Amino acid sequence: MDPIKNVQVELYRIPLAKPLSDAKVLTGRQKPLAAVDLLTATIETVNGARGFGFSYSLRAGGSALLAHAKDLAEALIGEDPNDIGRLWEKLAWLGASVSRTGVSVQSIAAFDVALWDMKAKSANVSIGKLLGAYRNSVPCYNTSGGYLSAPLSEVLSNVERSLERGLGGIKLKVGQPDLKKDIERVAAVRKHVGDGVPMMVDANQQWDFTTALRAGRMLEPYQLVWLEEPTNAYDYRGHAELSARLDTPIATGEMLSSVAECCELINHRSVTFLQPDVPRVGGITPFLKIANSADLNRLKLAPHFVMEIHIHMGCAYPHEAWVEHIEWLEPAFNERLEIKDGQMMLPERPGLGFSLSEQAKRWRVDA
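Please read all numbers here as calculations on a predicted model, not as lab measurements.

Conventions used here
- Residues numbered from 1 in each chain as written.
- Predicted model: local features only at pLDDT ≥ 70, side-chain atom pairs only at ≥ 80, totals over all residues.
- Heavy atoms only, no water.
- Axes fitted to C-alpha atoms, helices over the stretch in contact; angles between N-to-C directions.
- Helix = DSSP H or I, 4+ residues; strand = E, 2+ residues; numbered from the N terminus.
- Parallel < 35°, antiparallel > 145°, perpendicular 65-115°, else oblique.
- Contact = heavy atoms within 4.5 Å.
- Nonpolar A, V, L, I, M, F, W, Y, C, P; charged D, E, K, R; others polar.
- Phe/Tyr/Trp six-rings, centres within 6.5 Å; stacked < 30°, edge-to-face > 60°.
- Buried < 20%, exposed > 50% of the residue type's maximum accessible area, 1.4 Å probe, protein only.
- Left-handed = near helix turned anticlockwise from the far one by under 90°.
- Core = buried A, V, L, I, M, F, W, Y, C linked by side-chain atoms within 4.5 Å.
- Salt bridge = Lys/Arg side-chain N within 4 Å of Asp/Glu carboxyl O.
- Pairing = 2+ DSSP bridges.
- Right-handed = clockwise from strand over helix to strand, strands pointing away.

> If you had to explain the packing of helix 4 (residues 103-123) against helix 12 (residues 284-296) to someone new, which residues and values would you point to?
Where helix 4 meets helix 12, the closest approach of the two axes is 8 Å, and the angle between their N-to-C directions is 85 degrees. By the angle class used here, helix 4 and helix 12 are roughly perpendicular. Two secondary-structure elements touch here, helix 4 through Asp112, Val113 and Trp116 and helix 12 through Ile284, Thr285 and Leu288. In terms of residue class, the contact of helix 4 with helix 12 is made up of four nonpolar, one polar and one charged.

Here it is in structure tokens:
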């Protein structure tokens, strides 16, 4: 492939229909989520081949992502876009004095996804197929309808709409100051949907170990697919202990931003469902390293957010995988993912399969 001649990065602030709150908001650790900052990268070669990728931030950090991406962009000019692994390392070392996690790698993620998009387009296949898909669809579940900012009546309505649309499972936020209210909420939804609908709960790191163990035991009767982020994201041993003492599988990993951190969860046997996030760990290239380690340990995979990217990762993973359906970014793109009979379908479009909408361009942030 001919060398790269142009790299463009931009930031868009995609508003949510209404602000959402989880346990971190109820306890004053964060403010309600009102928008998603979307960092995009467009890479073009001298012969006109183009790749599109993106990363994101929630609440704060978007301007930092854009600034770091601008610092890095020129380093790609003249490079062979096929050398994705080498280019990831080149960009990572350029920003290494800042860090090899967090903002540094989350900026690189937009470039990395764009390079994989370009490579898959050159082969006229989706990224999932390029990576060697094991399947053409994966089970999906909805999260956005189960936030704590919604009263129970609204949650039940959201659940109905999700199931009618064909989504396979439902995830509820928990972690309220009164644990009994969490249990009542989960019990009400389980009663409403019956035993046949997969359900997950997410505590967003709200509990200490003792509370997490107690909550996990109280949640056992509701046949959950997993209990997510019951305690601090970096408490590898705590999650391992919970995994050993509870029947309900443990899921976590979304807040980690490096291969090394995710592998600590694997090494400690902390989880049944590993939840890495492509933009947060630095792109598809490092995600594949995490997925390979998870594969060797026969873990299940449930990547966090950005279904537009993670449908490809889920289909290319050899063991059980779920994709999280959150529609927040849909207005930013022209294309939509197909959902049928509880499954999210791998796009047949070449590359990532998404392009920026005209509507998104009105949300561009000048920085």
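> So what's going on with the packing of aromatic side chains? Which residues, and what values?
Applying the stated criterion to the full structure yields 10 aromatic pairs. Considering the side-chain rings of Phe54 and Phe333, the 5.4 Å spacing of their centres and the 45 degrees angle between planes classify their relative orientation as tilted. Taken together, the positions of Phe54 in strand 3 (residues 50-58) and Phe333 in the loop between strand 11 (323-325) and strand 12 (339-340) put the pair 279 residues apart, joining distant regions of the chain. For the pair shown, Phe54 and Phe333 are each scored as buried.

> Explain the packing of helix 7 (residues 179-193) against helix 8 (residues 209-219) to me, using residue names and the numbers behind them.
Where helix 7 meets helix 8, the axes come as close as 11 Å, and the angle between the chain directions of the two elements is 25 degrees. Regarding the angle of helix 7 to helix 8, the classification is roughly parallel. Remark: the crossing between helix 7 and helix 8 carries right-handed chirality. From helix 7, Leu179, Ile183 and Val186 reach across to helix 8, where they touch Arg214, Ala215, Met218 and Leu219.

> Let's hear about the nonpolar core: which residues, and what values?
Taken as a class, soluble globular proteins show a tendency for nonpolar side chains to be buried jointly. Counting 112 residues, the largest nonpolar core has Leu38, Ile43, Phe54, Phe111, Val186, Trp328 and Leu329 as its most contacted members. Of the residues forming this core, the biggest block, 10 residues, is contributed by helix 4. In this structure, Met200, Val225, Ala251 and Ala302 belong to the second largest nonpolar core, which totals eight residues.

> Please provide a residue-by-residue account of the pattern of salt bridges, values included.
The full count for this structure, using the stated rule, is 21 salt bridges. Where Arg336 meets Glu330, a salt bridge forms, and the shortest distance between an N and an O atom there is 4.0 Å. Assessed through its relative accessible area of 15%, Glu330 is described here as buried. Because the salt bridges share partners, they merge into one network encompassing Lys171, Lys173, Asp202, Glu228 and Glu324.

> Kindly report on unusual backbone geometry, identifying the contributing residues and their values.
Its identity as a non-glycine residue notwithstanding, Gln223 has a phi of 50 degrees, on the positive side. Turning to its location among the elements, Gln223 is positioned in the loop between helix 8 and strand 7 (226-228). The phi dihedral of Val306 falls on the positive side, at around 25 degrees, and the residue is not glycine. Examined against the element boundaries, Val306 turns out to sit in the loop between strand 10 (300-301) and helix 13 (307-315). Look at Val306 and you get buried, because its relative accessible area is 0%.

> Describe the pairing of strand 5 (residues 169-173), and please don't skip the residues or the numbers.
For strand 5, the tally of buried residues reaches five of five residues, placing the bulk of the element in the interior. Where burial is concerned, the two faces of strand 5 agree: the one with Gly169, Lys171 and Lys173 and the one with Ile170 and Leu172 are both buried. Of the strand pairs in this sheet, strand 4 (residues 137-142) and strand 5 are connected by two bridges, and their pairing is parallel. The residue of strand 5 that forms the bridge with Asn142 is Ile170. Across four bridges, the pairing between strand 5 and strand 6 (residues 199-202) is parallel. Residue pairing in the sheet places Lys173 in a bridge with Asp202 of strand 6. Remark: the strand 5/helix 7/strand 6 crossover connection has right-handed handedness.

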